[in-house]
Amino acid sequence: MTERIQRVMVITAHPDDSEFGAGGTIAKLTRDGKVVTYCILTNGNKGSSDRSMTPERLAKIREEEQRNAARVLGVETVDFLGFPDCELEDTRETRTAVSGAIRRHRPDLVIIQNPHRTKLLGASHRDHRIAAGIALDCVYPLARDHMAFPELMAQGLEPHKVKEVHMMWWENPELVVDISETMDLKIKALACHVSQLKDMAAVEKRIRERSAELGKPRGYAYAETFEPIVIDR
Ligand SMILES: [Zn+2]
């Protein structure tokens, strides 16, 4: 990663999305001295099949799990925007919140999910698509333009230009990141999401197989893949 990228923000829908899609890459970035921040739009409070669980209790558990996972990868700051799980909508409120996070942390690179519906149903969860769409609209033009959301300026949040966006991408990806050296950290971070993992061994097996498949064309043991958008060289 070049010198022009110093600050990175990962914007996702749910606690655990960053680790699943980009955990190995995030560990590499923090090892390289980049400052990585998470911005998570929903509180993940529907992700349980336990009938005795309540949404309030689950939101608290998932926040704690996410902070633990972030720490494993060297991510110090996690912004929880707290919108309800599975009910994320692209509204003025959600766009203001994400634009505010971008202006506050001023990332050079923003990593997001795939905004498109694909055949990978789990990966193209509606919250993921909506979060990615919101993030792109906030990168350009909403976080950049001083007259968008005057209330942010009133809070001292000056406009900010993001230089590059990486979308998590699996079909003919342009960017293949070698995560062979950080794969173990990715697995360790994923294992922090205890409430989401009934069978961690099965998840690990699936993740390793998938990452190996993505790395194979480039000769990497494990990879994560992205589609980049370069805004400002
Ligand atoms: Zn998710």
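The structure presented is a predicted model; accordingly, all values stated were derived computationally and were not measured.

A. Seen up close, the coordination of the zinc ion. Protein ligation of the zinc ion involves His-14 (ND1), Asp-17 (OD) and His-128 (NE2), the donor distances falling in the range 2.0 to 2.1 Å. Spacing between the donor residues of the zinc ion along their common chain follows H-x2-D-x110-H.

B. Examining the pairing of strand β4 (residues 109-112) more closely. Burial of the side chains of β4 extends over both faces: Leu-109 and Ile-111 are buried on one face and Val-110 and Ile-112 on the other. Sheet topology note: the β4/strand β5 (residues 164-168) ladder contains four bridges and is parallel. Across the sheet, residue Val-110 finds its bridge partner in β5, namely Val-165.

C. Region of the structure containing helix α7 (residues 200-215). Helix length check: α7 (16 residues) gives 22 Å between terminal C-alpha atoms against 22 Å at 1.5 Å per residue, within 8%. For α7, the complete set of buried residues consists of Val-203, Ile-207, Ser-211, Leu-214 and Gly-215. Seen from one end, α7 has its buried residues packed into an arc of 90°, which puts them on one side. Along α7, exposed side chains directed more than 90 degrees from the buried face belong to Ala-201, Lys-205 and Glu-213. Contacts made by the buried residues of α7 are with α1 (17-31), β6 (175-178), α6 (183-190) and β7 (223-230).

Procedures and definitions
Residues numbered from 1 in each chain as written. Predicted model: local features only at pLDDT ≥ 70, side-chain atom pairs only at ≥ 80, totals over all residues. Heavy atoms only, no water. Donors = N, O, S within 2.8 Å, 3.2 Å for Na, K, Ca; no water. Buried < 20%, exposed > 50% of the residue type's maximum accessible area, 1.4 Å probe, protein only. Helix = DSSP H or I, 4+ residues; strand = E, 2+ residues; numbered from the N terminus. Pairing = 2+ DSSP bridges. Expected span 1.5 Å × (residues − 1). Arc of directions from axis to C-beta. Contact = heavy atoms within 4.5 Å.

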